[in-house]
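# A closer look at the structure
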Amino acid sequence: MIEILSPTDLPRARDTGALVAGILQTLKSRSVVGTNLLDIDAWAQSMIMEAGAQSCYVDYEPSFGRGPFGHYICTSVNDAVLHGLPHDYRIADGDLLSLDLAVSLGGVVADSAISFIVGETQPPESIALIDATQRALRAGIAAAGPGVPIGAISHAIGSVLGAAGYSINTEFGGHGVGSTMHQDPHVSNTGRPGRGYRLRPGVLLALEPWVMADTATLVTDPDGWTLRSVTGCRTAHSEHTIAITDDGVEVLTVPKA
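Presented here is an overview of the structure given in this document. This one's a predicted model, so the numbers in the text were calculated from it and none came from an experiment.

Looking now at the environment of Ser55. Topologically, Ser55 is positioned in strand β1 (residues 54–55). Separated by 49 residues in sequence, Ser55 and Ser104 place their C-alpha atoms 6.5 Å apart. If we ignore the near neighbours within four places in the chain, the residues touching Ser55 are Ile48, His71, Tyr72 and Ala102. For Ser55, the side chain forms a polar contact with the main-chain nitrogen of Tyr57, separated by 3.0 Å. Polar side-chain contacts of Ser55 include one of 3.1 Å to the backbone nitrogen of Val58.

Written as structure tokens, this is what we have:
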């Protein structure tokens, strides 16, 4: 089902998006060398609860995971790219950390992810990975709008990732959001520009380009959740929730200046 929000729902979607963006930026600022992933999860839990919001992850139990997720944020380090289960690990200088957060506030969900390098060491390959996902995300947002087929967004994202030299995995991608976290339509990170559902005002989409440096193949960690590159190469993930409006697109999860 594709959920269409009414114009009166948009202010609530903005509030949720601002909350998610703010939490992610706070967590980024606190994520220094030596920070434990479990502390990041605890900070996320505290901020979600203080805002009167609800976690979309803690009780999440999809077919591709092992039981309820049990945590409040996805923390993926280096070769982990998606669904990183927080665990007892202290991030090191030069680690590439991806944080993925989805919450519901006022009955509307927003979902966003950021990738960044911790500490002083800035490996060029990691910088390139993050840059490619960010540029692909901007391209996907620019391609979206009322009446635009989903394939146009997928094509825009895939064109940037492919031009940067990365293979594209199509098992996981963007998706609709609304009153729940994962909805139709699926937004692949590659596709044909004229194909797919034509967007209508009121649709919320989470667009999420992600790549692995030298492979398109994932392997599931023994924890049953964390998805890693099969070769052990580094990975990156960027995500925003957008609203399709009568006039175009509004990005809901951009941090405030």
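Read on, since the account is not over.
Moving on: the sheet that holds strand β13 (residues 240–244). Ordered in space as β7-β6-β8-β13-β14, the five strands form an open sheet in which the pairing is antiparallel. Bordering the open sheet on either side are β7 (183–187) and β14 (249–251), each of which pairs with just one other strand. Direction aside, the axes of adjacent strands within the sheet are offset by 30 degrees on average. Here three bridges tie strand β6 (residues 174–177) to strand β8 (residues 204–207), and the two strands are oriented antiparallel to one another. Along β8, the bridge assignment pairs Gly176 with Leu205. Packing against the sheet, helix α4 (residues 150–163) makes contact with β7 and β8, and its axis sits at approximately 45 degrees to β7.

Let us look at the nonpolar core. Counting 33 residues, the largest nonpolar core has Ile153, Leu199, Leu205 and Leu207 as its most contacted members. Sorting the residues of this core by element identifies β3 (80–82), α3 (124–143), α4, β8, β9 (210–212) and β13 as the ones contributing at least two each. No other element matches the six residues that α3 contributes to this core. Once you skip the residues sitting within four places of it in the chain, Leu207 turns out to touch Leu137, Gly140, Ile141, Ile153, Gly174, Val187, Ser238, Glu239, His240 and Ile242. Ranked by size, the runner-up nonpolar core spans 25 residues in total, among them Leu37, Val58, Ile73 and Ile114.

What follows covers the pattern of salt bridges. Applying the stated rule across the entire model yields five salt bridges. With a closest N to O distance of 2.9 Å, Arg228 and Asp79 form a salt bridge. Of the two residues, Arg228 sits in strand β11 (residues 227–229) while Asp79 sits in the loop between β2 (74–77) and β3, which places them 149 residues apart along the sequence. For Asp79, a relative accessible area of 18% gives the class buried. Put simply, Asp131 and Arg135 hold a salt bridge, and the shortest N to O gap is 2.7 Å. Of this pair, Asp131 and Arg135 both sit in helix α3, separated by four residues, roughly a single helical turn. Given the relative accessible area of 33%, Arg135 is considered partly exposed.

Here is what the cut-offs are and how they apply
- Residues numbered from 1 in each chain as written.
- Predicted model: local features only at pLDDT ≥ 70, side-chain atom pairs only at ≥ 80, totals over all residues.
- Heavy atoms only, no water.
- Helix = DSSP H or I, 4+ residues; strand = E, 2+ residues; numbered from the N terminus.
- Contact = heavy atoms within 4.5 Å.
- Polar contact = N/O pair within 3.5 Å; in protein donor to acceptor, adjacent residues only side chain to side chain.
- Pairing = 2+ DSSP bridges.
- Axes fitted to C-alpha atoms, helices over the stretch in contact; angles between N-to-C directions.
- Core = buried A, V, L, I, M, F, W, Y, C linked by side-chain atoms within 4.5 Å.
- Buried < 20%, exposed > 50% of the residue type's maximum accessible area, 1.4 Å probe, protein only.
- Salt bridge = Lys/Arg side-chain N within 4 Å of Asp/Glu carboxyl O.

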